[in-house]
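Topology and contacts: notes
Listed below, chain by chain, are the residues.
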Amino acid sequence: MSEGHTQRLAEAGVETVNHNLNTSERYYDAICTTHTFADRVATVRNVQAASIKTCSGGIVGMGESDDDIIDLALTLREMDVRSVPVNFLIPIPGTPLEATQQLDPRRCLRVLCLFRLLLPSQEIRIAGGREVHLRTLQPLGLYPANSMFVGDYLTTPGQAPSADFAMIRDMGFVLETPDGAPWEGDPLQGLPQAPLWLPRDPTGVTGPSAARS
């Protein structure tokens with residue numbers, strides 16, 4: 001997006017834009033050929049210039065090296081991105097990365113800890129693939145991370161929000177409302193039992209996030 005695009009979004013009342021860098025500049029051409037890493041950086045810069053909050057992170061497990069993961073985190077730190085989602089690749093059949101298998105629970109935890117060390121003041125958000133790759137170690141991810149995406153993702157299902165809320169509270173953390181106040185009671189109370197959102201909607205709308213103190 002150009003400066004003109006992001007300024008129009010700001011004028012329309014948009015408060016936050018997500019645009020992930022996805023991987024390091026060095027590895028980017030192995031993942032995407034329709035546009036460059038510089039294009040993605042420019043978009044994030046233009047969002048920031050329009051005074052819109054920026055959410056930008058990456059996808060781990062696409063065949064990148066440890067150095068690529070470090071470089072991604074350092075780039076996000078240099079750009080002063082405040083909200084950083086960390087996704088873990090789910091190798092979906094029929095996609096170019098369907099045979100890519102380089103993640104296990106301990107590696108995922110090390111990645112989250114690395115992002116916390118390199119981005120000490122940013123909000124680290126556990127995102128897609130956590131149920132698949134962290135598995136029984138999911139609760140430990142709440143220590144290095146500030147929050148997690150709850151519910152389904154754009155192309156893959158997540159675990160039930162009620163299970164996420166119970167996991168957060170079982171670890172002694174506190175659910176927060178969007179304004180940062182403690183969320184007492186059941187966040188799902190009064191909501192319909194049908195799916196709360198449409199993860200495969202072409203608009204790209206995903207579910208809410210739950211944070212810990």
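All values reported here derive from a predicted model rather than from experimental measurement.

If you tally the helices and strands in the protein, you get six helices and seven strands. Here the protein holds 213 residues, and 44% of them are scored as buried. Partitioning the contacts of the protein with sequence separation of at least 6, the portion at a separation of at least 24 is 71%. About 11200 Å² of surface is accessible on the protein, with carbon and sulfur atoms providing 55% of the total.

Our next topic: the environment of alanine 42. Checked against the element boundaries, alanine 42 lands in helix H2 (residues 37-49). Sequence spacing of alanine 42 and serine 2 is 40 residues, and the spatial spacing of their C-alpha atoms is 7.9 Å.

Within the largest apolar cluster, 36 residues are counted, with the highest numbers of intra-cluster contacts made by Leu21, Val86, Phe88, Phe115 and Ile124. For this core, the elements supplying multiple residues, two or more each, are H2, helix H3 (66-78), strand S4 (83-88), helix H4 (105-118), strand S5 (123-126) and helix H6 (161-170). Considering every element that reaches this core, the biggest residue donor is H4, with six residues. The contact partners of valine 86, leaving out residues within four places of it in the chain, are Gly58, Val60, Val111, Leu112, Phe115, Ile124, Arg125, Ile126 and Ala127.

Turning our eyes to something else, we now look at the side chain of asparagine 87. Positionally, asparagine 87 belongs in strand S4. In this structure asparagine 87 comes out as buried when scored by relative accessible area, which is 17%. Apart from the residues within four sequence positions on either side, asparagine 87 is in contact with Asn20, Gly58, Ile59, Val60, Ala127 and Gly128.

What follows is about H3. Along an α-helix, residues three or four apart share an orientation, since each turn contains 3.6 residues. Here H3 contains 13 residues, and its C-alpha end-to-end distance of 19 Å stays within 8% of the 18 Å for a straight helix at 1.5 Å per residue. Among the residues making up H3, those that are buried are Asp68, Ile69, Leu72, Ala73, Thr75 and Leu76. End-on, the buried residues of H3 take up no more than an arc of 160°, which puts them together on one face. Those residues of H3 that are buried are in contact with H2, strand S3 (58-60), S4 and H4. A positive backbone phi angle near 55° is found at aspartate 80, which sits one or two residues after H3.

Further remarks concern the packing of aromatic side chains. Within the structure shown, the criterion is met by two aromatic pairs. Look at tyrosine 28 and phenylalanine 37: their rings are 5.8 Å apart centre to centre, the planes differ by 70°, and that puts the pair in the edge-to-face class. Assessed through its relative accessible area of 2%, tyrosine 28 is described here as buried. According to the relative accessible area criterion, phenylalanine 37 is buried, its value standing at 7%. Measuring from ring centre to ring centre gives 5.5 Å for tyrosine 143 and phenylalanine 173, while their planes differ by 75°; the resulting arrangement is edge-to-face. Taken together, the residues span a long stretch of sequence, with tyrosine 143 in the loop between helix H5 (130-133) and strand S6 (147-149) and phenylalanine 173 in the loop between H6 and strand S7 (209-211) at a distance of 30 residues.

Let us look at the layout of surface pockets. Approximately 1000 Å³ is the volume found for the largest pocket. Around the largest pocket, the lining is made up of 32 residues, and of these Asn20, Ile59, Asn87, Leu154 and Thr155 lie nearest the centre. With three residues, the single largest contributor to the lining of the largest pocket is S4. Residue composition of the lining of the largest pocket, grouped by class: 19 nonpolar, twelve polar and one charged.

With that settled, consider the confidence of the model for the protein. Mean pLDDT over the protein stands at 88; residues scoring 70 or higher make up 89%. Scored below 50 in pLDDT, residues 196-213 makes 50 contacts in the model with residues more than four places away or belonging to other chains.

On to the environment of threonine 177. Along the chain, threonine 177 turns up in the loop between H6 and S7. Separated by ten residues in the primary sequence, threonine 177 and proline 187 have C-alpha atoms spaced 9.1 Å apart. One polar contact links threonine 177 to aspartate 179, side chain to side chain, over a distance of 2.3 Å.

What counts and what doesn't
- Residues numbered from 1 in each chain as written.
- Predicted model: local features only at pLDDT ≥ 70, side-chain atom pairs only at ≥ 80, totals over all residues.
- Heavy atoms only, no water.
- Helix = DSSP H or I, 4+ residues; strand = E, 2+ residues; numbered from the N terminus.
- Buried < 20%, exposed > 50% of the residue type's maximum accessible area, 1.4 Å probe, protein only.
- Contact = heavy atoms within 4.5 Å.
- Areas by Shrake-Rupley, 256 points an atom, 1.4 Å probe, with all protein chains shown as cover.
- Core = buried A, V, L, I, M, F, W, Y, C linked by side-chain atoms within 4.5 Å.
- Expected span 1.5 Å × (residues − 1).
- Arc of directions from axis to C-beta.
- Phe/Tyr/Trp six-rings, centres within 6.5 Å; stacked < 30°, edge-to-face > 60°.
- 1 Å grid on protein atoms, 1.4 Å probe; cavity = no way out; pocket = protein on both sides within 12 Å on 5 of 7 lines; lining within 4 Å.
- Points joined across faces, edges and corners; volume = space filled by probe spheres on them.
- Nonpolar A, V, L, I, M, F, W, Y, C, P; charged D, E, K, R; others polar.
- pLDDT = per-residue confidence, 0-100.
- Polar contact = N/O pair within 3.5 Å; in protein donor to acceptor, adjacent residues only side chain to side chain.

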